[in-house]
Each structure stands twice: as C-alpha cells, then as structure tokens.
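Single-letter residue listing:
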Amino acid sequence: MDKPYILAPSLLSADFAELGAALDFIKARGGDMVHIDVMDGHFVPNLTIGAPVVKALRSRSKLPFDVHLMVTNPADLIEDFIEAGADWLTFHIEAERHAHRLASRIREAGIKAGISIVPSTPVSALTEILPFVDLVLVMSVNPGFGGQSFIEGTLAKLRKLRALCAEHHVSPLVEVDGGVTTK
C-alpha cells in the first residue's frame, strides 16, 4: 500500500441529485472506496438512501461500497444491501442484540462484516464480537447529520481499540467516521 490509510469519502456530503457524479469525483480524487451512510430516522434522526439507490449506483462504480447501516433493525435490511452490491456492511452494536449471528450472515454472503460504535459506547462493548468482524467503525461525531466537528476523545478511544485488538490477536480494518479532515 502506498499510503497508511484507506480513503472512503461519504456520499452523505454529496448533492443527492448528483450521486453518479459524486462517484466519479471520488474515483478521480483517489478514493479507495465509497462510504454510504444509510439512516432510517429511528436509530438516528435523519433519513438518507436505501438499497435501491445503492443498486443503481453499483453500475456506476467499481470502487468497493462501504455501506454503514445506522438503522434500528439492521438484520431486516442485510439481504437487500447484499443484493444491491455492498462490499462491506457495517451495523451498530447498539442496534443489534445478536451481533455475532448478523456478522456471520454477512460473511457467509461473501461480504466484509463491520461493527460500529457511537461516541458514548465504550470500546469494551466490542470484546466478544471483534474476532468475527473485518472492520470496526468508530463514530467520531454523534451520528445522524453530516458536517459535525470531530470529537477529540475519539483519539483515546482508538488507542483503547488498538490495545483490545492486540489483546485478542485480531486486526480488523479500523474506520473513523465523522468530522475527519486533513488536520
């Protein structure tokens, strides 16, 4: 790898009337994957896009689609997003009682499974699921709206996550989501 990070710009910051052009922009600017925030108006107070939009966009890009499910019942939506062309499916530990079962379903479909935590959830909540996921997404803003400022306490949380992963001999991809800038 030429760089020590993977760049996954979010479509949440795009003009929703120009999502195809946003995919082209991400590829042209060196994006490694496309982060797609799915919000249901229940788990978070906003609504975004669903599986039909992801399916329509799939034909426009060969970049991996990193679909972040910020929804109350992620297990109910997994099959739709698998069929739509997601390469990575991430759900929130706070929203899924049977996280191991859901991560297994995602992986069995040949998709990378991710788990996410909101800023108020401690890293220790991930202890039992870590061996069964390919990605851990740490929210660095309170989810639901784009354009928020990075919560500085996230840096300490990332150090704790690194230690927990080392303790369990796992190395999932770690994604930081929200308020991330070049600074």
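Above this text you will find the structure in question.
Since the structure is predicted, the reported quantities are computational estimates derived from the model, not experimental observations. (Residues numbered from 1 in each chain as written. Predicted model: local features only at pLDDT ≥ 70, side-chain atom pairs only at ≥ 80, totals over all residues. Heavy atoms only, no water.)

Asks: Please explain the overall build of the protein chain as it appears in this structure.
Replies: If you tally the helices and strands in the protein chain, you get five helices and six strands. Taken from the N to the C terminus, the helices and strands of the protein chain come in the order α-β-α-β-α-β-α-β-β-α-β. A globule of 183 residues ought to have a C-alpha radius of gyration of about 16 Å, and the protein chain, at 15 Å, matches this closely. Counting only C-alpha atoms and orienting by the principal axes, one finds that the protein chain spans roughly 45 × 35 × 35 Å. Relative to its 183 residues, the protein chain shows a buried fraction of 45%. Surface exposure of the protein chain reaches about 9,700 Å², of which carbon and sulfur atoms provide 54%. On the protein chain, the mean spot of the 17 positive side-chain charges and the mean spot of the 22 negative ones are 4 Å from each other. (Helix = DSSP H or I, 4+ residues; strand = E, 2+ residues; numbered from the N terminus. Rg over C-alpha atoms; globule rule 2.2 N^0.38 Å. Buried < 20%, exposed > 50% of the residue type's maximum accessible area, 1.4 Å probe, protein only. Areas by Shrake-Rupley, 256 points an atom, 1.4 Å probe, with all protein chains shown as cover. Lys, Arg positive; Asp, Glu negative; His and termini not counted. Charge placed at Lys NZ, Arg CZ, Asp CG, Glu CD.)

Asks: What am I meant to see in the pairing of strand β6 (residues 173-177) here?
Replies: On any regular strand, side chains alternate: one points to one face of the sheet, the next to the other face. Of the pairings in the sheet, the one linking strand β5 (residues 135-139) to β6 comprises five bridges and is parallel in character. Paired with V136 across the two strands is V174, which belongs to β6. In this fold, the crossover linking β5 to β6 by way of helix α5 (residues 154-167) has right-handed handedness. (Pairing = 2+ DSSP bridges. Right-handed = clockwise from strand over helix to strand, strands pointing away.)

Asks: Where do I start with the nonpolar core in this structure?
Replies: Most often, soluble globular proteins have nonpolar side chains that are buried together. In this structure, L11, I36, V67, F81, L89 and I115 are the most contacted members of the largest nonpolar core, which totals 44 residues. Discounting residues that sit within four places of it in the chain, I36 has contacts with L11, I49, V54, F65, D66, V67 and H68. (Core = buried A, V, L, I, M, F, W, Y, C linked by side-chain atoms within 4.5 Å. Contact = heavy atoms within 4.5 Å.)

Asks: Help me out: how do you make sense of a nonpolar patch on the surface in this one?
Replies: Nonpolar side chains collect at one region of the surface, where V174, V176 and V180 lie side by side and expose about 220 Å² of accessible area between them. Note on placement: V176 falls in strand β6. (Patch = residues over 30% accessible without salt bridge, like charges linked within 9 Å, V, L, I, M, F, W, Y side chains within 5 Å. Salt bridge = Lys/Arg side-chain N within 4 Å of Asp/Glu carboxyl O.)

Asks: Can you walk me through the side chain of D66 in this structure?
Replies: Positionally, D66 belongs in strand β2 (residues 65-70). In this structure D66 is buried but unpaired, with R58 as the nearest side chain of opposite charge at 11 Å. Beyond its immediate sequence surroundings of up to four residues, D66 is in contact with A8, M33, V34, H35, I36, W88, T90 and E175.

Asks: Explain the pattern of salt bridges to me, please; I cannot follow it from the model alone.
Replies: Should the charged atoms of two oppositely charged side chains come close, the side chains can pair. Counted by the stated rule, this structure contains four salt bridges. Measuring nitrogen to oxygen at the nearest pair gives 2.9 Å for the salt bridge that ties R60 to D24. You can see R60 sitting in the loop between α2 (51-58) and β2 and its partner D24 sitting in helix α1 (residues 19-28), a full 36 residues away along the chain. For R58, the salt bridge goes to D87, with nearest N and O atoms at 2.7 Å. Highlighted residues: R58 in helix α2 and D87 in the loop between α3 (78-84) and β3 (88-92), separated in sequence by 29 residues.

Asks: Looking at this model, I keep getting lost on α2. Mind explaining?
Replies: An α-helical turn contains 3.6 residues, so a residue and the one three or four places further along point in the same direction. Along α2, the residues that are buried comprise A51, V54, L57 and R58. Along the axis of α2, the buried residues cluster in a sector spanning 125°; they form a single face. Its buried side turned inward, α2 meets α1, β1 (34-39), β2 and α3. (Arc of directions from axis to C-beta.)

Asks: I keep staring at the side chain of S61 and nothing clicks. Help me out?
Replies: Here S61 shows up in the loop between α2 and β2. Here the side chain of S61 touches L63 through a polar contact of 3.1 Å, landing on its backbone nitrogen. (Polar contact = N/O pair within 3.5 Å; in protein donor to acceptor, adjacent residues only side chain to side chain.)

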